[in-house]
Structures are given as C-alpha cells and as structure tokens.
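Structure at a glance
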Amino acid sequence: MSASGSCLCGAVHFSVDSDLGPVTACHCSQCRKITGHFAAAVPAPWDKVSVEGELRWYESSEAARRGFCPTCGAYLFWEEYDGLVYIMAGSLEAPTGLKMDGHIFYADRGDYYRVGEPLRCWAAG
C-alpha cells in the first residue's frame, strides 16, 4: 500500500511507498500539549517516506523529535531514531483503510474524556 499526505497549508507534502502500521493513539502529556488533545499516528519505515517541502524539527526529548510545517505549524511526524517515523494519521489523504489498534499512556489522558463514552456525533459542525 502507498499513502500520501500533507500539512494544512500544503507547503509540505509526503508520500509513503510501504505498508503502514495500525493507528495508535497516544495520550502522554507531550502529545496532549503538542496537539491540544491526543495524537493518532501510524508507523512507517523512514527510508520509504519522501518529503517535499521544508520541515522544522523540535527535539522533544533526548530520545525523540517532532516534525512540523514551518508555515502553518501542522504536526506531521514523530521520530525516535529507530528507523521508523510515526506519521500523524490526520495528515494522510483519505481513504486510508487504516484501523486504530489501541491507546498508549491512557492514564495520562485529559480528565474531560474517557474512551468509549457514548457521545453525540454530528455529520457537520
């Protein structure tokens, strides 16, 4: 499977020439602060990802960095230097065919929600 995506303003585009792993939701405090909620990301081999446009990187810890569009600020990538990159699932062009496989750092989630709560949904805002 191949996939493609972009930032909000279109200054950064990327494509992946590989199968993507499942979507995982991360509720850690860093992901909550950088996204305003929680992050949902898919792993891919870095050597199978092509990026067009400038990225800005933020070293969020000694073990990882986060990649953004310097124009619109869209959070696109998370990397921990293991040969994989984690692509923010919301930046991928639909349809993705992906499924979520779980939640990590769930104990750190915001206190205003619980996964599985029956909440109302609207088709449009």
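The model shown is predicted, which means the values in this text are computed figures rather than measured ones.

Our next topic: the packing of aromatic side chains. Applying the stated criterion across every chain, the model contains seven aromatic pairs. Grouped by ring-pair contacts, the aromatic residues F14, W46, W57 and F77 constitute a single cluster. If you follow R65 out to its NZ or CZ, it ends over the ring of W57, 3.7 Å from the centre.

Turning to the state of the cysteines, a few remarks are in order. Taken as a whole and judged by the stated rule, the model has zero disulfides. No disulfide involves C7; its nearest neighbouring cysteine sulfur is the one of C69, lying 3.7 Å away. Looking at C7, the relative accessible area reads 5%, which means it is buried.

Let us now look at the pattern of salt bridges. As enumerated under the stated definition, the model contains two salt bridges in all. Of the charged contacts, one joins E54 and R56 as a salt bridge, the two residues approaching to 3.8 Å between their closest N and O atoms. Given a relative accessible area of 52%, E54 falls into the exposed group. R56 sits in the partly exposed class, given a relative accessible area of 48%.

Bringing the side chain of R66 into the picture now. With respect to the element layout, R66 can be found in strand β7 (residues 65-68). We note that R66 is buried and unpaired, the nearest opposite charge coming from E59 at a distance of 9.7 Å. Polar contacts involving the side chain of R66 include one to the side chain of Q30, which spans 3.0 Å. Not counting chain neighbours up to four residues away, the residues in contact with R66 comprise Q30, C31, I34, R56, W57, Y58, S60, Y75, F77 and W78.

Moving on to the sheet that holds strand β2 (residues 13-17). The three strands lie next to each other as β1-β2-β5, forming an open sheet whose pairing is antiparallel. Every interior strand has two partners, whereas the edge strands, β1 (2-6) and β5 (49-52), have only one. Averaged over all neighbouring strand pairs, the angle between strand axes comes to 15°, with direction disregarded. Two strands pair when backbone bridges link them, and β2 and β5 are joined in this way by four bridges, in the antiparallel orientation. Looking at β5, one finds that S15 is bridged to S50.

Let us now look at the layout of surface pockets. Estimated volume of the largest pocket: approximately 370 Å³. Lining the largest pocket are 22 residues; nearest its centre among them are C26, C31, W78, Y86 and I104. For the lining of the largest pocket, the secondary structure elements donating two or more residues are β3 (23-26), α1 (29-35), β4 (39-45), β8 (75-79), β9 (84-88) and β10 (100-104). A breakdown of the residues in the lining of the largest pocket according to their chemical character gives 15 nonpolar, four polar and three charged.

At the junction of A94 and P95, the peptide bond is cis and its omega measures out at 0° in the coordinates. Along the chain, P95 turns up in the loop between β9 and β10. The phi dihedral of F105 falls on the positive side, at around 55°, and the residue is not glycine. Structurally, F105 is set in the segment after β10.

The rules behind the values
- Residues numbered from 1 in each chain as written.
- Predicted model: local features only at pLDDT ≥ 70, side-chain atom pairs only at ≥ 80, totals over all residues.
- Heavy atoms only, no water.
- Phe/Tyr/Trp six-rings, centres within 6.5 Å; stacked < 30°, edge-to-face > 60°.
- Lys NZ or Arg CZ within 6 Å of the ring centre and 35° of its normal.
- Disulfide = S-S within 2.5 Å.
- Buried < 20%, exposed > 50% of the residue type's maximum accessible area, 1.4 Å probe, protein only.
- Salt bridge = Lys/Arg side-chain N within 4 Å of Asp/Glu carboxyl O.
- Helix = DSSP H or I, 4+ residues; strand = E, 2+ residues; numbered from the N terminus.
- Lys, Arg positive; Asp, Glu negative; His and termini not counted.
- Polar contact = N/O pair within 3.5 Å; in protein donor to acceptor, adjacent residues only side chain to side chain.
- Contact = heavy atoms within 4.5 Å.
- Pairing = 2+ DSSP bridges.
- Axes fitted to C-alpha atoms, helices over the stretch in contact; angles between N-to-C directions.
- 1 Å grid on protein atoms, 1.4 Å probe; cavity = no way out; pocket = protein on both sides within 12 Å on 5 of 7 lines; lining within 4 Å.
- Points joined across faces, edges and corners; volume = space filled by probe spheres on them.
- Nonpolar A, V, L, I, M, F, W, Y, C, P; charged D, E, K, R; others polar.

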